Structure formats: C-alpha cells, structure tokens
Amino acid sequence: MKRYSAFAIAREALRNHTGWQRAWRAAEPKRRYDVIIVGAGGHGLATAYYLGRNFGITNVAVLEKGWLGGGNTGRNTTIIRSNYLQDASAAIYEKARSLYEGLSRELNYNIMFSPRGVMMLAQTQH
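Fair warning: this is a prediction, and the values are worked out from it, not measured in the lab.

Colleague: Would you mind going over the overall build of the chain with me for this structure?
Modeller: Counting secondary structure elements, the chain contains five helices and two strands. Along the chain, helices (α) and strands (β) appear in the sequence α-β-α-β-α-α-α when read from the amino end. Counting every position in the chain, which comprises 126 residues, the buried fraction comes to 18%. A fraction of 46% describes how many contacts in the chain between residues 6 or more apart in sequence connect residues 24 or more apart. Accessible surface, the chain: about 10,600 Å² in total, of which carbon and sulfur atoms supply 56%.

Colleague: Just to check I follow, could you spell out the side chain of N59 for this structure?
Modeller: Among the structural elements, N59 can be located in the loop between α2 (42-55) and β2 (60-63). With relative accessibility at 18%, the residue N59 sits in the buried group. Every residue in contact with N59, bar those within four places of it in the chain, is listed here: K30, R32, Y33, D34 and V35.

Colleague: I'm lost on the environment of E12 in this one. Help?
Modeller: Within the secondary structure, E12 is located in helix α1 (residues 6-14). We classify E12 as buried; its relative accessible area is 0%. There is a polar contact of 2.8 Å between the side chain of E12 and the backbone nitrogen of G19.

Colleague: How do you make sense of a nonpolar patch on the surface when you look at a structure like this?
Modeller: On the surface, Y4, L107 and Y109 cluster together to form a nonpolar patch covering roughly 260 Å² of accessible area. In this structure, L107 sits in helix α5 (residues 103-107). The partly exposed category is assigned to L107, whose relative accessible area is 32%.

Colleague: Quick question: what am I supposed to make of the pattern of salt bridges here?
Modeller: Enumeration over the complete set of coordinates arrives at three salt bridges. E12 is the partner of R15 in a salt bridge, and the nearest nitrogen-oxygen pair spans 3.2 Å. Through salt bridges with shared partners, a single ionic network connects R11, E12 and R15.

Colleague: What is the right way to look at the pairing of strand β1 (residues 35-38) in this model?
Modeller: The side chains of a regular strand alternate between the sheet's two faces. Here four bridges tie β1 to β2, and the two strands are oriented parallel to one another. Following the sheet pairing, I37 is matched in β2 by V62. Considered for its hand, the β-α-β crossover made up of β1, α2 and β2 is right-handed.

Rules and cut-offs
Residues numbered from 1 in each chain as written. Predicted model: local features only at pLDDT ≥ 70, side-chain atom pairs only at ≥ 80, totals over all residues. Heavy atoms only, no water. Helix = DSSP H or I, 4+ residues; strand = E, 2+ residues; numbered from the N terminus. Buried < 20%, exposed > 50% of the residue type's maximum accessible area, 1.4 Å probe, protein only. Contact = heavy atoms within 4.5 Å. Areas by Shrake-Rupley, 256 points an atom, 1.4 Å probe, with all protein chains shown as cover. Polar contact = N/O pair within 3.5 Å; in protein donor to acceptor, adjacent residues only side chain to side chain. Patch = residues over 30% accessible without salt bridge, like charges linked within 9 Å, V, L, I, M, F, W, Y side chains within 5 Å. Salt bridge = Lys/Arg side-chain N within 4 Å of Asp/Glu carboxyl O. Pairing = 2+ DSSP bridges. Right-handed = clockwise from strand over helix to strand, strands pointing away.

Rendered as structure tokens:
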C-alpha cells in the first residue's frame, strides 16, 4: 500500500488522481462471522478496528446501508469529548478520546483528528 503524504497527494493531483490504490477490498460475504457490527460510522469502524488490534478478532462483518464513515460521522464530523462534567463518566470518556490520538499514524489514513479545547464560562445543572 502506498503511504499517504503531502507529496503523494500533490503527485496524484497532477495525475488527476488516477494512481490511487483501493483503500479497502470489495469482499464477498462469508457464511459465518465471529462478530457482526451494524453501522460503519465512527463507532462501528472503531469497534471493528480495536477488536482486531487488541483481541485478534478479525472475522468481523461491518454492515452499512450507505457508505463507510457516512451518516453523522461524514455529515457533521465526529466529536470525541472527554469533558462530560460527571465524575463517574470522566475516566471512560477520556480513555475513549485518547484512543484517537495516534490512530491516523496506526492506520496510515488521515482521520482528521484535531484536538480542541472548550471553556465554559457559566453552567447550571439544568
């Protein structure tokens, strides 16, 4: 697989983007899977990736009626937060957010992770 880089993007722009290799294969469905994930948005694709990377579960089907990364992820971007203002949830949300930090490098694919901050000037419980 070609590595994505600024040079590769410039080179392919001059070639009218005819030299890109397919980023994923068009696989025929199997008769059986260990895991079936419904939805190929940010959460579904991340689940499939981490099942393979962390647990070696690679016999996974990801079903999507549209296109990969479509839906809310494609329309509105995915916002990954670690600030939920509830102590009971803060640790798990922070762990989930931290998983995205090196994902572009691991996948050799720009997931467009861009960390930002937020400042709340006033808040009520309602």
